[in-house]
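Analysis of the macromolecular model
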Amino acid sequence: MVEISLPGMKMLYILGNWKSNKTTAEAVLWQQSFVKNLPPVLESITIILCPAFHHVPVFAHKSDAYVLGVQNISLFDAGAYTGEVAASMIKDDVTHVMIGHSERRKHFGETDEIVAQKVKRAVAAGITPIVCVSSTGQAKQLSVLAPEFTNSGLILYEPLFAIGSGKSDSPENANAAAGEIQQIFPSAPILYGGSVTHENVKGFTDQPYLSGVGVGGASLDPDKFLSLIRAVLS
Ligand code: PGA
């Protein structure tokens, strides 16, 4: 990856969350197209790709254009927990893990306590947790239940109405929420997520309390995701 460093720039994160999508063959095509067409990216931008578990071999250790994450980990360590992937099992392949996405809270019953336990697992395995919150209250709970998080992870703030709806929050509202969360976690980068596209991304990355974006739908097509990255660079 060609990197250009500009002094005085804040570190920005662009996270692609594929959710429950794509076959292995589709992931291979996406990876090849993405790496081939990625423009020179500033040293101050980190692209975090979070595909599904079975895509990990397609992405891991294949390119320095991005860092790799997954969308969930087990509540438990490795052992007799059928169907689960423990943090200690994937620590050699990924650097990041999303924890507590609102879809996991809604469809899989993840509570603040479960989120906190998963954060502890990630931190113990040396994987950076990206904790998803849809309110300041969830961020407060995280600070109480998982003090390990402080200084070790990122927050992805995603208001529920904006996820997958095509109706993003306004950059100003998102910045105000991020400012409140920053009071709780003074050193955590805070990202906004919810219907981010190449058309609105710059409005978010330009906000003082926002250090990047989480992108669901617009990360599934490599060309759309590349347009979004180009928009951040513009
Ligand atoms: P969306 O999803 O970009 O499709 O709204 C964002 C997310 O849930 O992380």
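For the structure, check the block above.
Here's a quick rundown of the structure.

Cut-offs and rules
Residues numbered from 1 in each chain as written. Predicted model: local features only at pLDDT ≥ 70, side-chain atom pairs only at ≥ 80, totals over all residues. Heavy atoms only, no water. Pairing = 2+ DSSP bridges. Helix = DSSP H or I, 4+ residues; strand = E, 2+ residues; numbered from the N terminus. Axes fitted to C-alpha atoms, helices over the stretch in contact; angles between N-to-C directions. Parallel < 35°, antiparallel > 145°, perpendicular 65-115°, else oblique. Left-handed = near helix turned anticlockwise from the far one by under 90°. Contact = heavy atoms within 4.5 Å. Nonpolar A, V, L, I, M, F, W, Y, C, P; charged D, E, K, R; others polar. Expected span 1.5 Å × (residues − 1). Buried < 20%, exposed > 50% of the residue type's maximum accessible area, 1.4 Å probe, protein only. Polar contact = N/O pair within 3.5 Å; in protein donor to acceptor, adjacent residues only side chain to side chain. Core = buried A, V, L, I, M, F, W, Y, C linked by side-chain atoms within 4.5 Å. Salt bridge = Lys/Arg side-chain N within 4 Å of Asp/Glu carboxyl O. Near = heavy atom within 4 Å. Areas by Shrake-Rupley, 256 points an atom, 1.4 Å probe, with all protein chains shown as cover.

Let us now look at the sheet that holds strand E2 (residues 12-17). Pairing is parallel in the closed barrel, where eight strands are placed in the order E2-E4-E5-E6-E7-E8-E9-E10. Between one strand axis and the next, the sheet turns by 25° as a mean value, whatever way the strands run.

Relative to each other, helix H1 (residues 24-37) and helix H9 (residues 222-233) sit at 30°, their axes nearing to 9 Å. The angle between the axes of H1 and H9 places the two elements in the roughly parallel class. For the pair H1 and H9, the sense of crossing is right-handed. Contacts from Trp30, Ser33, Phe34 and Asn37 in H1 reach Pro222, Asp223, Phe225, Leu226, Ile229 and Arg230 in H9. Looking at the contact of H1 with H9, its residues break down into six nonpolar, two polar and two charged.

A few words now on H9. Since there are 3.6 residues in each turn of an α-helix, residues three or four apart along the chain are aligned in direction. Spanning twelve residues, H9 covers 16 Å between terminal C-alpha atoms, matching the ideal 16 Å at 1.5 Å per step. For H9, every residue scored as buried is listed here: Pro222, Phe225, Leu226, Leu228, Ile229, Ala231 and Val232. Against the buried residues of H9 lie E2, H1, strand E3 (41-42), strand E4 (45-50), helix H8 (201-205) and strand E10 (212-215). A side-chain oxygen of the first residue of H9 lies 2.8 Å from the backbone nitrogen of Asp223; this N-cap is Asp221.

What follows deals with the pairing of strand E5 (residues 67-70). Across two bridges, E4 lies against E5 in parallel orientation. From the neighbouring strand, Leu49 faces E5, where its bridge partner is Leu68. Summarising the sheet, E5 and strand E6 (residues 96-99) pair through two bridges and their orientation is parallel. Along E6, the bridge assignment pairs Val70 with Val97.

With that settled, consider the nonpolar core. The biggest cluster of nonpolar side chains holds 62 residues, and the ones touching the most others in it are Ile14, Phe34, Ile47, Leu49, Phe59, Ile155 and Phe225. Per element, the largest residue contribution to this core is six residues, and it comes from H9. Among the nonpolar cores identified, the runner-up in size contains ten residues, and Tyr13, Leu15, Met98 and Cys132 belong to it.

Turning to the pattern of salt bridges, a few remarks are in order. Using the criterion set out here, one finds seven salt bridges in the structure. Its salt-bridge partner being Asp92, residue Lys91 comes within 3.6 Å of it at the nearest N-O pair. Of the residues examined, Lys91 reaches a relative accessible area of 40% and is grouped as partly exposed. One salt bridge in this structure joins Glu110 and Arg104, with 2.8 Å as the shortest N-O distance. Neither Glu110 nor Arg104 differs from the other in exposure class; each is buried.

Moving on, we come to the environment of Ser152. Here Ser152 is to be found in the loop between helix H6 (136-145) and strand E8 (154-157). Ser152 sits in the partly exposed class, given a relative accessible area of 24%. Ignoring any residue separated from it by four or fewer positions in sequence, one finds Ser152 in contact with Val123, Thr128 and Pro129. Here the side chain of Ser152 touches Glu148 through a polar contact of 2.8 Å, landing on its backbone oxygen.

Turning to the site of the ligand, a few remarks are in order. As a matter of local geometry, the ligand sits amid Asn17, Lys19, His101, Glu158, Ala162, Ile163, Gly164, Gly194, Ser195, Val215, Gly216 and Gly217. Within the contact set of the ligand, an oxygen atom lies 2.6 Å away from a side-chain nitrogen or oxygen of Glu158. Taking Gly164, its main chain carries an N or O atom lying 2.6 Å from an oxygen atom of the ligand. In isolation the ligand exposes 290 Å². Once the protein is present, 95% of that is buried. Classifying every residue of the shell around the ligand by side-chain character gives three nonpolar, seven polar and two charged.

On their own, these measurements won't tell you what the molecule is for.
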